[in-house]
Amino acid sequence: MLRAENQAIAHSNIIKQLETKQKTLFSLTTPIDPFDPVVFYKQGTPNTEGKRFFWKSANEDFYLVGVGAALLFSNLAKKNRFDDIHQFWKDIVQNAEIEGSSIIGTGPLLFGGFSFDPDTGKEQEWSDFGDTFFYLPKYMLTVVNGQHFLTFNQIMDPAGENKTSQYKHIEEYMNDLLARQSTVAVEQVSMTSCTEIGQAEWVKAVEDIVNLLKSTDIKKVVLARKMIIEFTKSPSIATVLEQLRRNQPGSFAFALESGSSCFLGASPERLVKKTGEEVLSTCLAGSAPRSKDPGEDEWLGKNLLNDAKNRYEHQLVVNMIKNALNPICTNLIVPEEPILMKTPAIQHLYTPITGRAKAGQSIFKMVERLHPTPALGGVPTIEALKIIREKEKMDRGLYAGPIGWTDFRGNGEFIVGIRSGLIQNNNAILYAGCGLVPDSNPQDELIETRIKFRPMLHALGGEEK
Ligand SMILES: C=C(O[C@H]1C=CC=C(C(=O)O)[C@@H]1O)C(=O)O
Ligand SMILES: [Mg+2]
């Protein structure tokens, strides 16, 4: 499998040919009989290994599953990465031949992610991904409220292969896939080791940062850490996805695969959703544990809603998102008070912000203005990023970065890649962070990050969800 940058070179010729109209995108969407999205991901076809993605929306029967790459965009440039991919996508779509797509999430669609911080030191574990990494899938299953569609994308010579051969190709692919449809057996793998890396150093870094926040104008820094797990054999991505979608219904289950690496998780945090001109962004920051005892769980939630430290941690996110969207949206509605979002292991303060996009505002432009929110970076952003680079001593890669999709009509949705992990062969690296403010208690923040490891740990066969 080519490393990401080689793949980008491999595809740059096609991109040039697309931009000069020597080639064009042909996209065919057809309704199909029901097909399980996790099985579709698992089965792919032999030559689509290492080029797949999976997306399930929170609280919604909406899936996007891509196998194979009609095109990979993994650019090398760090600067203007949001504009680059926006322009690239606009060029491809404007000359495309698109048939059969009438539903949002079908037809030509890019799926992928942006690294959290392109200016951080790179580590080997993320070498299969670029700072911008998006697939135009060869085959994509879309599930919308119980309806199933298959989209087939092909970069063609304009005067090239006739469409009949394309129709025949997709029919053969589908028949083959339907003939092989199986169920997802939950394959158990056993963990041989599970290590929270550098806990003591991390707590010391938290203490240093909290002291800095108490003595400077820096208001907040989100600091993350990692857990490394070794297994007897490589965990099944399909099994992990099955566990995540089953046990974390209120979160976005996602996976982005490249080569022998797969970044996946169940994120409760939407960065932005654009449906036509409707815009929704959600502020998620401020946390408390859950309890199996309903009375205690209710008390923990009420306490969170009235806790000064968490309300401050949350309000910094609301302020930033409001200021980021104001110039590019009208009718912005920002609730006065947060509500609770409860997931199995943890509960958060949650504020949804809605508005209408002004003309010409793409979802990539919105992602650029929002990322990183203070739920993942800090306030002020630039100073917080400098402290994260210095104190975290790790390459976040796609962790906490924008992960999501946009279709050819300008709709799309991005989450931030938290409650997540990177699975490579027999190893997994889990990532978890927390918002540090002057009133943070290092031990409480250590416990909070330990709770945030749980969704992935449980999906990998570990402790309770
Ligand atoms: C940075 C993470 O969580 C963020 C999202 C929700 C609550 C957060 C908190 O209370 O610290 C964090 O801002 C993570 O899960 O790794
Ligand atoms: Mg917190």
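What you see is a predicted model; the values in this text were computed from it and never measured.

1. With respect to the coordination of the magnesium ion (ligand 2)
Tetrahedral coordination by four donors places them ideally at 109.5 degrees to one another around the metal; octahedral coordination by six donors ideally gives 90 or 180 degrees.
Moving on, step 1. At the metal site, the magnesium ion (ligand 2) is ligated by Glu313 (OE) and Glu448 (OE), and these contacts range over 2.3 to 2.4 Å. On the criterion of sequence distance, the pair formed by Glu313 in helix α8 (residues 308–325) and Glu448 in helix α11 (residues 442–452) is long-range, its members being 135 residues apart. For the pair Glu313 and Glu448, one class covers both residues: buried.

2. Things to note about the packing of aromatic side chains
Moving on, step 1. Throughout the structure, instances matching the rule amount to 23 aromatic pairs.
Moving on, step 2. The interplanar angle of 90° and the centroid separation of 5.8 Å between the aromatic rings of Phe35 and Phe40 together place this pair among those described as edge-to-face. Each member of the pair Phe35 and Phe40 is classed as buried.
Moving on, step 3. Ring pairing ties together the aromatic residues Trp126, Phe129, Phe133, Tyr135, Phe254, Phe263, Tyr399 and Tyr431, which thus form one cluster.
Moving on, step 4. The side chain of Arg52 reaches across the aromatic face of Tyr41, ending 4.4 Å from its centre.
Moving on, step 5. Over the face of the ring belonging to Tyr63 we find Lys56, whose NZ or CZ atom lies 5.9 Å from the ring centre.

3. Quick word on the UniProt feature "domain: Chorismate-utilising enzyme C-terminal" (unreviewed entry) in the protein
Moving on, step 1. With numbering matched to this structure, UniProt assigns "domain: Chorismate-utilising enzyme C-terminal" (unreviewed entry) to residues 199–452.
Moving on, step 2. The span residues 199–452 is 35% helical and 37% strand by assignment, and the distance between its end C-alpha atoms comes to 15 Å.

4. Overview of the pairing of strand β19 (residues 412–416)
Moving on, step 1. Among the five residues of β19, five are classified as buried, and the element is accordingly described as predominantly covered.
Moving on, step 2. Residue alternation in β19 divides its side chains into two sets, Gly412, Phe414 and Val416 and Glu413 and Ile415, and both sets are buried.
Moving on, step 3. Of the pairings in the sheet, the one linking strand β12 (residues 270–275) to β19 comprises four bridges and is antiparallel in character. Looking across to β19, one finds that Val272 is bridged to Phe414.
Moving on, step 4. Both strand β18 (residues 402–407) and β19 contribute to a ladder of five bridges, which runs antiparallel. Looking across to β19, one finds that Thr406 is bridged to Gly412.

5. A look at the domain arrangement of the protein
Moving on, step 1. Under the domain assignment, the protein is made up of domain 1 (11–180) and domain 2 (192–235 + 269–459).
Moving on, step 2. Summarising the inter-unit geometry, the C-alpha centres of domain 1 and domain 2 are found 28 Å apart.
Moving on, step 3. Listed as interface residues are 39 residues of domain 1 and, on the opposing side, 39 residues of domain 2.
Moving on, step 4. Between domain 1 and domain 2, roughly 3200 Å² of surface is buried when both sides are summed, and carbon and sulfur atoms account for 63% of that area.

Cut-offs applied
- Residues numbered from 1 in each chain as written.
- Chains lettered and ligands numbered in written order.
- Predicted model: local features only at pLDDT ≥ 70, side-chain atom pairs only at ≥ 80, totals over all residues.
- Heavy atoms only, no water.
- Donors = N, O, S within 2.8 Å, 3.2 Å for Na, K, Ca; no water.
- Helix = DSSP H or I, 4+ residues; strand = E, 2+ residues; numbered from the N terminus.
- Buried < 20%, exposed > 50% of the residue type's maximum accessible area, 1.4 Å probe, protein only.
- Phe/Tyr/Trp six-rings, centres within 6.5 Å; stacked < 30°, edge-to-face > 60°.
- Lys NZ or Arg CZ within 6 Å of the ring centre and 35° of its normal.
- UniProt positions renumbered as here; feature names shortened; annotations may be inferred.
- Pairing = 2+ DSSP bridges.
- Domains from an automatic or database assignment.
- Contact = heavy atoms within 4.5 Å.
- Buried area = accessible area lost by both parts, 1.4 Å probe.

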